[in-house]
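Listed below, chain by chain, are the residues.
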Amino acid sequence: MEGISRRGLLASTASTFVLSGLLPGARLSAAAPAAASPAAPVADTEWRHYAADQANTRYSPLAQINADNFNDLQVAWTFKTDALGARKEYQFESTPLLIKGRLFTTAGSRRACVALDAATGELVWMHRLDEGRRALNSPRQLSGHGCSYWTDGTKERILYVTTGYQLISLDAATGIPDPAFGTDGVVDLKKDFDQEIDLVNSDVGLHATPLIARNVVVVGAAHTAGDVPATRKNVKGYVRGFDVTTGRRKWIFHTIPRKGEFGYETWLNGDADEAGNGGVWAEMSADEELGLVYVPVEQPTGDEMGMYRRGNALFGETLVALDIDTGVRKWHYQFEHHGLWDRDLPCAPILCDIPHKGRIVKALAQPTKQAFLFVLDRTNGKPLWPIIERKVEKGDVPGEWYSPTQPVPSKPPAYDRQGIGIDDLIDFTPELRAAAVEFVKDYKLGPLYTPPVLSRPGRWGTIALPGVQGGTNWPGGSYDPDNFTVYVYSKTQPALLGIIPNQDPAVSDFSYVHGVAGNTPRPQISMGAELPPGAFRGPPPPPKVPAGQKAPTRPPGFLTVEGLPIIKPPYGRITAIDLSKGDITWQVAHGETPDDIRNHPKLKGLKIPRTGRPGNLGPLATKTLVICGEAGFYTNE
């Protein structure tokens, strides 16, 4: 691998691995002084945005690392983040930026912002903000997705959002806050928010990076997950644009429209007045030439319960194109109407120029939790291929409102399994298939938009596939502009969607919440927060079964047979989708077969094909490779 410098290496795959200690180092030649100098960046070797560019392509044109030498990569250095917070970080999601020989990222459980020497891993500077209870109360904790970079050709700034929801602007050379930005380099995002909220206890934060385009910093909002929301009158997750040099608010977009604003009429009975959430917790994309920022909005309060947000309720689960300079809505497209499956838009759309019907179209491709890739003209939001409104089933939850139809793209085809039937169940052996068939008799099965149902013994809930985590989640996909191909990872992992009554206002003011019959609703815990005494994550304990009824053989919520997944593999996959045709080019199981499957006594003597495994993974495309991590470990025998 002669001729590969650490600088060139870091521009492609390294930025996604460095903090976890998995940096693919190579048998490297010494970097030439000119290549390492901040004053002489090498063309095409930098990574200045979260996903490479404002288009969110996660693509690098570099080709020195290829299929012949990839397995020769070695660890170049590691940077431990244990000391950057009062407890160890355990959920690395950051993609560092590579700019002029330095890496910039957020790190550690306090979400410090650091600059590292890209060649050695040496700490250059670190900025931290101790926010006390404000950070401990945040709905989105730990290190987050990273930071953003801006320059006017002279000044250089690094911007990031703290755990406690404050926007910081730092001098990229020194890490010192910019005194001209906000108040001593800080903009309090809980202020100037078109709503009065508690600065310490309010349920709003962000783990995504701010998006910077045309000297405007666009910032979204995130909230505690809404399976068991504390209140339907939660903070509203509005989107704002700030001047990158002064921190002054330039505009605000109400993701839950106010009376008189566009979209308010899509809410019934004035529900928009009191509904909360509707934040933009995902990454965003921007097209500076068109002057548009593309904002993926989650659903309003209640992930699986919509009785307090009746109607199609814009802009829930909607991609909105906003004017970068003014925040004015230019167009929108709702990818799910009145969602009841927690399928908020999880990632930024990929902006791409593709051939279509004899011309080049400025398009975008939006991966989703439901494993549809929606392809739109990004200038006006019109689908490139027809999207059909299909009739869907209604559920049985009291007070719920059900959309009669849901949008289904005609092309590209779904890139993962959707809905669940008998043919989707585990089939390693006839005995396991028979056990699975017996198991699902206590659940509701159906196509993609089968609604959650009231949970009761004998019908614990709906088994949804993909589950609430997708499909595709926050890492999104990548795009190769040479062959017009999107590469997207998805996981094939079902979820149990049951709805139960709630009578404890201390837990939630919702009359019905997500859960399993016989269990007491549990308060929602913030992402990354330390668990309070006696609390736990994961499926609930076995429910209480009424006298005279037979107890189930396994706790509802554990969708397994003999400890094996209830559905057949693959459990994770990467799909290549040709946007010039709207077709799937190829699809492979991604991830090795887990040890608990390959070594399972019920499968002894069987040759199990590679199953892949579920995770939250984002593929990276280069000139010759698609590179993707793996969620977990296995024994290489």
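Residues numbered from 1 in each chain as written. Predicted model: local features only at pLDDT ≥ 70, side-chain atom pairs only at ≥ 80, totals over all residues. Heavy atoms only, no water.

Draft legend 1. Broad picture of the pattern of salt bridges. For the coordinates displayed, the defined rule picks out 31 salt bridges. Between Asp192 and Arg249 there is a salt bridge whose closest N-O contact spans 3.4 Å. Of this pair, Asp192 sits in the loop between β10 (186-188) and β11 (211-213) while Arg249 sits in strand β14 (residues 249-253), placing them 57 residues apart in sequence. Look at Arg249 and you get partly exposed, because its relative accessible area is 22%. Where Lys233 meets Glu274, a salt bridge forms, and the shortest distance between an N and an O atom there is 3.6 Å. Pair noted here: Lys233 is in the loop between β12 (216-219) and β13 (239-243) and Glu274 is in the loop between β14 and β15 (285-287), with a separation of 41 residues, a long-range link. Look at Lys233 and you get partly exposed, because its relative accessible area is 49%. Overall, the relative accessible area of 36% leaves Glu274 in the partly exposed class. (Salt bridge = Lys/Arg side-chain N within 4 Å of Asp/Glu carboxyl O. Helix = DSSP H or I, 4+ residues; strand = E, 2+ residues; numbered from the N terminus. Buried < 20%, exposed > 50% of the residue type's maximum accessible area, 1.4 Å probe, protein only.)

Draft legend 2. Local environment of the environment of Ile525. Residue placement: Ile525 occurs in the loop between β29 (512-514) and β30 (560-561). Accessibility expressed as a relative area gives 27% for Ile525, which makes it partly exposed. Between the C-alpha atoms of Ile525 and Pro139, which are 386 residues apart in sequence, the distance is 8.1 Å.

Draft legend 3. Spatial organisation of unusual backbone geometry. Each neighbour pair has its own omega, and for Leu314 with Phe315 the value is 10 degrees, a cis peptide bond. Among the structural elements, Phe315 can be located in the loop between β16 (292-296) and β17 (318-323). Of the consecutive residues Gly470 and Gly471, the connecting peptide bond is found in the cis state with omega at 20 degrees. Here Gly471 is to be found in the loop between β25 (462-464) and β26 (477-480). Positive phi values are uncommon outside glycine, yet Tyr165 reaches one of about 70 degrees. Looking at where Tyr165 falls in the secondary structure, it is placed in the loop between β8 (156-161) and β9 (166-171). For Tyr165, a relative accessible area of 0% translates into the label buried. Positive phi, close to 70 degrees, is recorded for Ala371, a residue that is not glycine. Tracing the backbone shows Ala371 in the loop between β20 (359-366) and β21 (374-377).

Draft legend 4. Spotlight on the sheet that holds strand β4 (residues 102-107). Spatial ordering of the open sheet is given by β3-β4-β5-β6, a layout of four strands whose pairing is antiparallel. Of all the strands in the sheet, just β3 (97-99) and β6 (123-127) have a single pairing partner and so form its edges. The mean inter-strand angle of the sheet, taken between neighbouring strand axes irrespective of direction, is 20 degrees. Inspection of the sheet shows β3 paired to β4 by three bridges, in the antiparallel sense. When the sheet's bridge partners are listed, Leu97 is paired in β4 with Phe104. (Pairing = 2+ DSSP bridges. Axes fitted to C-alpha atoms, helices over the stretch in contact; angles between N-to-C directions.)

Draft legend 5. Layout of the packing of aromatic side chains. Applying the stated criterion to the full structure yields 13 aromatic pairs. With 6.2 Å between their ring centres and 55 degrees between their planes, Tyr165 and Phe193 make a pair best called tilted. Within this pair, whereas Tyr165 is found in the loop between β8 and β9, its partner Phe193 is found in the loop between β10 and β11, the two being separated by 28 residues in sequence. Residue class for Phe193 comes out buried when judged on its relative accessible area of 1%. Every member of this aromatic cluster is reached through a ring pair, and the members are Tyr333, Phe335, Phe372 and Phe374. (Phe/Tyr/Trp six-rings, centres within 6.5 Å; stacked < 30°, edge-to-face > 60°.)

Draft legend 6. Quick look at the pairing of β9. Among the six residues of β9, five are classified as buried, and the element is accordingly described as predominantly covered. As judged from the five bridges shared by β8 and β9, these two strands associate in the antiparallel manner. Each bridged residue has a counterpart across the sheet, and for Val161 the counterpart in β9 is Leu167. Adjacent in sequence and paired antiparallel, β8 and β9 are bridged by four residues, among which Tyr165 carries a positive phi angle near 70 degrees. Where β9 meets β10, three bridges bridge the pair, whose relative direction is antiparallel. In the sheet register, Gln166 faces β10, and the bridge partner there is Asp188.

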